[in-house]
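# What the coordinates show
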Amino acid sequence: MKIKLIYPRWKKLDRQTEFNLPPHGPVVFAAALPDYTEVDFVDENMQSFSYDDPVDLVCISMMLTSQVKRGWEIADTYREMGIKVLFGGISTMLHAEETMLHADSVFMGEAEGHIEEVLDDFARGEMKKLYNFMNQQPDMELVGPARRNLYDRDLYYHKGVQMVDLFHASRGCKFNCYPCAVSFLGGRRFRARPFDRIAEELDTIDNNRLFVVDNTLAQDKEWTKELFRTMIPFKKNWCSHTISDDSEVLNLAAQAGSWYVYQAVFDTSDYIKERIKRYHDYGISVEGTILLGMDNQTEDDMKRLFDFLGEINLDLAEFTILTPFPETKAYDDMLKESRIFDHDWNHYTADRAVYQPRHVSPERLQELFEYAWESFYATETQEQKMFKLMMKVVEREMASGTYRKPRTDLMESSFGKFVDR
Amino acid sequence: MKTDDKYVDRLYHFNGKWDMPGICGLKVVRKSGKTIVIATNLYDKNPGTSISRWSAQLATIICSELEIDPGELVFIERNPNIHSRLEFYAETFDIVEFDREGSHFANPVWKRISGDEVDELIA
């Protein structure tokens, strides 16, 4: 059975450095497919494809809300040609009802242990409109290893330097963060992969730099410590979301190769200042993630926050505008108060106001957002700060003997496109 | 969430969006020809759909199971204070008004009311 697995393109944030990372969801999904399937993966951010390629079933994997309209467009074209289309992934789950209008079938939940049922139905010509496995989370033993051999690897290099590979050791999240839909998508129960399976997957990844994409590494201290002990022998360097604020955990994280973390900076408290200092004490760099437009932020609060960022020695910062994604409390609150004025999912990119903020106009919020980027990177550009982070990891790799020189054959290429060095 | 909360007499289990099992707090007060139902969001104690997202369906099923005349229902959605540093987790109450199609509710519209107003309603 020939499956074309498509990851639709989306418009990247204007302010972000354009780094294209190899997508994680599609290759984790592909690992759950039975052996009789032949998978052709297309990351549309990097590759084009022809609708005339021979295919039995099209699977569209979507992570972001800003991907869904493009995903629907692809599906509409295939379906006009009489080819069946199955949708899955995070943003499929967030936009399931609308996606069903463009799909032969929508898959809700996680694929492991369930996807064969769908393919059996497809083979019999009896594919259902909806497969709802939201209440049947798989045995974590069944997860992975992700099929990274499906990538066109050379596309994920910038001037000879390989991008990080994405990896996950757990699913679910017990926290209840205001702008986040993870508890809906992966459930509120923390679910860990077995350590032997984690080690097995780490061993398959031909990359010494990773992005550990677990929702947070602050859910279960004992598990997190064991995870880091499992990771130490692989000598990878990695970035991740928040890590537990515990000296033993942070010490093990550093030993396991924690390179930098994404840490939300949501106020100007000593707690935040100390939190960042403690990461630095263990040699872990910090990229602050700063969400603007929250209901408790006046213009003065945001300006104070921008000043504060200059005092806490962040290594990088990324600013976004609160975006009311479906299945979040932010969405519920905005909906109740009729504050969402833009329902075009292509605009849900987290860099534009699609709602009426509590204390400023949407236009003013947009200006403050632009100002935040400019002021943080006024004295040292994003590229310069990233270069410092890169040098840090290179030094570590040289010390541990894991450094890989940039690929000379890709020196004049950035994500598959020629660049003048 | 403690069930001895003055707005929560019991926990109520329901099937939410995509059949995901959900839990909310519930208080039902019958008074002067009205039945006031206060449904409380339990945030992280609720494994399924938030009541904001499921209010019409929830009101429908509560009326059916608790034998409440839909015409007498006053449905209040409560988001309790979880003592977060973020003020939008402060306690809020909304009266939710619906279109009625027989015994089913649809198209919720929320109207913010104060705790004092709720107390007056249920006194």
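Residues numbered from 1 in each chain as written. Chains lettered and ligands numbered in written order. Predicted model: local features only at pLDDT ≥ 70, side-chain atom pairs only at ≥ 80, totals over all residues.

### Remarks on the overall build of chain B
Selection criterion: A helix here means a DSSP run of H or I that spans at least four residues, while a strand means a run of E at least two residues long, and both kinds are numbered starting from the N terminus. We take the radius of gyration over the C-alpha atoms and set the globule estimate at 2.2 Å times the residue count to the 0.38 power. Exposed residues have 12 or fewer other C-beta atoms within 10 Å of their own C-beta, buried residues have 20 or more, and residues in between are partly exposed; the C-beta atoms are placed from the backbone.
Scanning chain B from terminus to terminus reveals two helices and six strands. The order of helices and strands in chain B, counted from the N terminus, is β-β-β-α-β-β-β-α. Expected size for 123 residues packed as a compact globule is a radius of gyration near 14 Å; at 14 Å, chain B falls within 12% of this value. Here the C-alpha coordinates of chain B stretch approximately 45 × 35 × 25 Å along the principal axes. Looking at the 123 residues of chain B, the share that counts as buried comes to 36%.

### Let's talk about the sheet that holds strand β15 (residues 285–292) of chain A
Residues and elements named next belong to chain A. Which entries qualify depends on this criterion: A pair of strands is considered paired only if DSSP assigns at least 2 bridges between the two. Each axis is a line fitted through C-alpha atoms, taken for helices only over the stretch in contact, and angles between the N-to-C directions span 0 to 180 degrees.
Spatial strand order, β9-β12-β13-β14-β15-β16: six strands in an open sheet with parallel pairing. Of all the strands in the sheet, just β9 (165–167) and β16 (316–321) have a single pairing partner and so form its edges. For this sheet the average axis-to-axis angle between neighbouring strands, irrespective of direction, equals 20°.

### Some words on the sheet that holds strand β5 (residues 92–101) of chain B
Residues and elements named next belong to chain B. To keep things clear, this is the line we draw: Residues are treated as contacting if the C-beta atoms built from their backbones sit within 7 Å of each other.
The six strands are arranged β1-β2-β3-β4-β5-β6 in an open sheet whose pairing can be described as mixed. Whereas interior strands pair on both sides, the edge strands pair on one side only; in this sheet they are β1 (10–15) and β6 (104–113). Looking at each pair of strands side by side, their axes are set apart by 35° on average, direction ignored. Relative to strand β3 (residues 34–41), strand β2 (residues 21–31) runs antiparallel, the two sharing eight bridges. Its bridge partner lying in β3, Lys 27 is registered against Ile 38. Together, β1, β3, β4 (73–79), β5 and β6 form the strand contacts of helix α1 (residues 55–65), whose direction differs from that of β6 by roughly 110°.

### Some points on helix α10 (residues 270–281) of chain A
Where we set the bar: Here the expected length of a helix is defined as 1.5 Å per residue gap, with one fewer gap than residues.
For α10(A), spanning twelve residues, the distance from its first C-alpha to its last is 16 Å, which sits close to the expected 16 Å at 1.5 Å a residue. Of the residues trailing α10(A), A:Gly283 is marked for its positive phi of about 80°.

### Quick notes on the domain arrangement of chain A
All names here are of chain A. To keep it simple, the criterion reads: All the domain ranges listed were derived from an automatic or database domain assignment. Following the grouping adopted for this structure description, the nonpolar residues are Ala, Val, Leu, Ile, Met, Phe, Trp, Tyr, Cys and Pro, the charged ones are Asp, Glu, Lys and Arg, and the polar ones are all others, Gly among them.
Taken domain by domain, chain A consists of domain 1 (2–138) and domain 2 (141–400). When each unit is reduced to the centre of its C-alpha atoms, the spacing between domain 1 and domain 2 is 25 Å. Contacts between domain 1 and domain 2 engage 30 residues on the former and 35 residues on the latter. Of the residues forming the side of domain 1 that touches domain 2, the biggest block, four residues, is contributed by helix α1 (residues 25–31). Within the side of domain 1 that touches domain 2, the residues separate by chemical class into 16 nonpolar, nine polar and five charged.

### Describing the environment of B:Val8
Residue and element names in this part refer to chain B. Topologically, Val 8 is positioned in the segment before β1. You can call Val 8 buried: it has 21 C-beta atoms within 10 Å. C-alpha separation for the pair Val 8 and Asp 94, spaced 86 residues apart in sequence, amounts to 16 Å.

### Thoughts on unusual backbone geometry
Cis geometry marks the peptide bond from A:Gly144 to A:Pro145, where omega comes out at -10°. Tracing the backbone shows A:Pro145 in the loop between β6 (130–132) and β7 (157–158). We note that A:Ala350 has phi near 70°; this positive angle belongs to a residue other than glycine. With respect to the helices and strands, A:Ala350 occurs in the loop between α12 (329–336) and α13 (362–376). By the C-beta count within 10 Å, which is 21 here, A:Ala350 ends up buried. Positive phi, close to 55°, is recorded for B:Glu67, a residue that is not glycine. Position of B:Glu67 relative to the elements: it lies in the loop between α1 and β4. When the 7 C-beta atoms within 10 Å are taken as the criterion, B:Glu67 is described as exposed.

### Regarding the interface of chain B and chain A
Taken together, the 15 residues of chain B in the interface contact 16 residues of chain A. Partitioned by chemical class, the residues of the side of chain B that touches chain A number seven nonpolar, two polar and six charged.

### Observations regarding the environment of A:Gln136
Residues and elements named next belong to chain A. One can find Gln 136 in the loop between β6 and β7. In this structure Gln 136 comes out as exposed when scored by C-beta crowding, with 10 C-beta atoms within 10 Å. Separated by 31 residues in the primary sequence, Gln 136 and Phe 167 have C-alpha atoms spaced 23 Å apart.

### Here we look at the environment of A:Arg364
Residue position: A:Arg364 is located in helix α13. Sequence spacing of A:Arg364 and A:Glu337 is 27 residues, and the spatial spacing of their C-alpha atoms is 20 Å.

### Things to note about helix α14 (residues 382–400) of chain A
In a regular helix each residue adds 1.5 Å, so 19 residues correspond to 27 Å; α14(A) covers 27 Å between its end C-alpha atoms and thus fits that length. Where α14(A) terminates, the next one or two residues include A:Gly401, which has phi positive at roughly 75°.

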